[in-house]
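A look at the structure
So the chains spell out like this:
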Amino acid sequence: MTAPPVQAYRALVKELQFHNHRYHVLDDPLIPDGEYDRKLLQLQTMESTFPTLVDDDSPSHRVGGKPLSEFSQISHSLPMLSLENAFDSKALMDFDRRVAERTNEKEKVDYVCEPKLDGVALSLLYRDGMLERAATRGDGATGEDVTANARTIRSVPLRLQGDSPPNLIEVRGEVYIPHKDFDRLNSLSDKVGDKKFVNPRNAAAGSLRQLDSKITARRPLVMSVYGVGLLESAVKPNTHFETLVYLKQLGFLVNSHVTVATDIFQCENFYKALAEQRASLPYDIDGIVIKVNSLDIQRRLGTVLRSPRWAIARKFPAQEEMTRLLAVEYQVGRTGVITPVGRLEPVFVGGVTVRNATLHNLDEMARLNLCAHDTVIVRRAGDVIPKIVRVVKEYRLPNARVIKFPQYCPVCGSDIEQLPDEAAVRCTGGMSCPAQVKQAINHFVSRKAMNIEGLGVKLVEQLVDRGHVQSFSDLYRLDMDTLCSLERMAKKSSDKLLKSIQASRKTNLTKFIYALGIREVGEGCAQILASRFKSLEDLIEGPLEELVEIGGVGPVVARHIVDFFSESKNITVINELRAIGLKFDHVINEEAMSRPLEGQTWVITGNLDSMSREDAKVALQNLGAKVSSSVSAKTTQLLIGSNAGSKLEKAKLLEVPLMYEKEFAILLMSQQAHPRLNVEK
Ligand code: IVH
């Protein structure tokens, strides 16, 4: 029999460990995944041919082993403490004062600020550089032995880096699941009919406590370390920050936001800065942890009850809270989309008082399966619209009535429809639905459309409810008596409004096309259509193919345009407006031509393939658009790259027109001849 290839085996283990560290700790892979997998397979083949070769630190151990029947208990040599919480800056100042009172007057106290990762605590024990044991926190004194599971976590080194590892080191940190991996995990569990995980923390905790480590191995757990328990080593750090640097050298993942602060005000500033970034971080954090940097001062401060005196958690406002559902109401939008909205008992969450939460659509209602008066978990993260994440079924009232999505439009009673491939349910009533009429009129009179000043939402509501206005042309038939009969309308304001209505008779083609409220036709698109077709007749006649060819329109929008003009009701509306004497001739405006996106606000989300986001921003600005970083009701258009996240979700909710990168590239190309675009950066 051939001798085991000991050297080749060790070399391969080392090589795989190196790539593993680059990938999972440094987030900077050197080789493609396929190459890594091939090398791992090579290792596994060697191991099955020569089982005597297999070492404890073999990367093949990351796939899990035999299931356990139960976890054994481990008592921590040093207790795993918890942290005192500070919910406001005063509590932080009090902490700083207490530290000062217990230290020497002349002693200067530096702090280290770290994100407070929202996962589960784990302790790892290494003897002579090899991972020996891993334990959960448990009650702080005794935890569970989860060594087999910890071995499967790629960012947990099985062997420490460097030539002279400590004799004994116990490292502590947080195990968590990053957002994108959590989403993927939940969509996978969808397919096999598993129950979904409530949030990344629960998923991380459940995954770490699996008796079958093969299951843990398939969960995308990450461990980031934040401290040391036991330490027997020639190297002894003097500060907490030095400890973190040391841990990094040993091959652990240490959070990159860690900062040294020279006073408590800097800690508060770190808190504010991180609170701003919270929504865009790739993992959940629930605050920051502030620790006295000097280990000597830490020792002298000691602990009280089960928390150290040298550290405190400055917590962010909770993003999830529990409240009671009062009712579900339905809003009908301009294009007939019916959006269910949950009315809630007011609750303070994510830093604001929330009274309403979106229920998105029919599918979401089905997912939540709400009953009247349910107790629900509301989530508000960053500036994202509050959402009901789940029902607390345990608190459901006996015989509670299930809330069903209406079968007819809740405003006009028309049939509702859900188009294939669309999540939205729409009212088919069109202009016979007062809700749609109101929204359509609001849009028609808005500043960037017909610009009828003095005709606010409340007034439109009255005009429609009292039957004075049913279509756009009715606006031009309003008279003094009618307006004066409305609430809060005196002669002067009525007179002003009538003048404003008259003034709107003369407009241009862009504004008129935009005012019609064709689905997904924003001002940018209206501008492109106007300059291409020059007259409404030509646009109405324009075949689908011609529309699709135009840069910045795209096949979906083109379809909406064709559908809109093939509805005889819409043509009637246009003819009525023309009969009344509305002028919407195309006015060639040099300035507008050179800056076709003037007055528009764009937002970019996701990664663009063909250009950097910065280049896209400059190109948009050259065309006259403003580029903003967050989506609001004022956003004209959302430019979408790959991996778009919460901005896309918000834009859909606010019905902001969407443009994909391909369409954007065409829009840019169609403007290429333009001198302004050629401006040097
Ligand atoms: S230090 C005595 N640092 O928060 C200090 N803890 O109650 C002990 N946590 O479950 C912890 N991020 O797992 C520390 N950067 C961080 C942390 C952190 C998250 C968790 C920890 C524990 C809880 C504290």
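Since the model is a prediction, treat every value here as computed from it, not as a measurement. Position numbers for residues count from 1 along each chain, tracking the sequence in the order it is written. Confidence filtering applies because this is a predicted model: local features only for residues at pLDDT of at least 70, side-chain atom pairs given and counted only at 80 or more, and all residues used for totals across whole chains, interfaces and linings. Each side-chain value is derived from all of the structure's non-hydrogen atoms; neither hydrogens nor water enter the calculation.

1. Here's the deal with the overall build of the protein chain
The helix and strand inventory of the protein chain stands at 26 helices and 24 strands. With the C-alpha coordinates of the protein chain rotated into their principal frame, the extents come out at 95 × 60 × 60 Å. Across the protein chain, every contact between residues at least 6 apart in sequence was considered, and the portion connecting residues at least 24 apart equals 67%. Values of accessible area rely on a 1.4 Å probe in the Shrake-Rupley scheme; residue burial ignores everything except the protein chains shown. For the protein chain, the exposed area adds up to about 34,300 Å²; of that, 51% sits on carbon and sulfur atoms. Here Asp and Glu are counted as negative and Lys and Arg as positive; His is not counted, and neither are the chain ends. Taken as the charge centre is NZ of Lys, CZ of Arg, CG of Asp or CD of Glu, depending on the residue. The average position of the 88 basic charges and that of the 86 acidic charges among the side chains of the protein chain differ by 3 Å. The helix count covers DSSP runs of H or I at least four residues long, the strand count covers runs of E at least two residues long, and both are numbered beginning at the N terminus. Any two residues whose heavy atoms approach within 4.5 Å are treated as being in contact.

2. Side note on the pairing of strand E17 (residues 375–379)
A large share of E17 lies buried, amounting to 4 of its 5 residues. Pairing of strand E14 (residues 320–332) with E17 involves 5 bridges; the strand directions are antiparallel. From the neighbouring strand, Thr323 faces E17, where its bridge partner is Val376. When DSSP finds two or more bridges between two strands, those strands count as paired. Relative to strand E18 (residues 387–391), E17 runs antiparallel, the two being bridged by 4 bridges. Along E18, the bridge assignment pairs Arg379 with Lys387. When a residue's accessible area, from a 1.4 Å probe over protein chains only, is under 20% of the maximum for its type it is buried; when over 50% it is exposed; and in between it is partly exposed.

3. A few points about the pattern of salt bridges
The term salt bridge refers to a side-chain nitrogen of Lys or Arg lying within 4 Å of a carboxyl oxygen of Asp or Glu. Under the criterion given, the structure shown has 39 salt bridges. In this structure, Arg98 and Glu84 form a salt bridge, with 3.2 Å as the shortest nitrogen-oxygen distance. Separated by 14 residues along the polypeptide, Arg98 in helix H3 (residues 89–102) and Glu84 in the loop between strand E1 (73–75) and strand E2 (85–86) bring together distant segments of the chain. Looking at Arg98, the relative accessible area reads 33%, which means it is partly exposed. Arg396 is the partner of Asp374 in a salt bridge, and the nearest nitrogen-oxygen pair spans 2.7 Å. Of the two residues, Asp374 sits in the loop between helix H11 (362–368) and E17 while Arg396 sits in the loop between E18 and strand E19 (416–417), which places them 22 residues apart along the sequence. Judged by its relative accessible area of 23%, Arg396 falls in the partly exposed class. Among the charged side chains, a network of salt bridges with common partners joins Arg10, Asp55, Asp57 and Arg159.

Take it as geometry only, folks, not as evidence of what the structure does.
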